[in-house]
Amino acid sequence: MMKLILALLAAILLAVSPAAAEPKFGDYPTKMYLKGKPVLPKFTGSVAQFKTRIRNGMKSGAN
């Protein structure tokens with residue numbers, strides 16, 4: 001019984017291909033681009049404690 005379980009586990013592990021390449025952003029180009037000035041969100045609740053970090057991050061624009 002233990003050999004059967006080990007054989008099934010080995011077959012499952014071999015079936016999963018670790019060599020599969022991870023997707024990259026360049027593989028999925030967009031046809032739409034954001035235009036205009038970024039608008040600061042309304043900081044309410046628990047998010048308000050991060051408003052300085054969010055504002056500083058928005059200064060560089062969208063990535």
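Relevant structure appears above.
Residues numbered from 1 in each chain as written. Predicted model: local features only at pLDDT ≥ 70, side-chain atom pairs only at ≥ 80, totals over all residues. Heavy atoms only, no water.

A few words on the overall build of the protein. If you tally the helices and strands in the protein, you get 2 helices and 0 strands. Radius of gyration (C-alpha) of the protein: 24 Å, far over the 11 Å computed for a compact globule of 63 residues. Each principal axis of the C-alpha distribution contributes one length, and for the protein these read about 65 × 35 × 15 Å. For the protein, the proportion of its 63 residues judged to be buried stands at 2%. Just so you have it, the protein exposes about 6800 Å², and 66% of that area is on carbon and sulfur atoms. (Helix = DSSP H or I, 4+ residues; strand = E, 2+ residues; numbered from the N terminus. Rg over C-alpha atoms; globule rule 2.2 N^0.38 Å. Buried < 20%, exposed > 50% of the residue type's maximum accessible area, 1.4 Å probe, protein only. Areas by Shrake-Rupley, 256 points an atom, 1.4 Å probe, with all protein chains shown as cover.)

Purely geometric stuff here, so don't read any function into it on its own.
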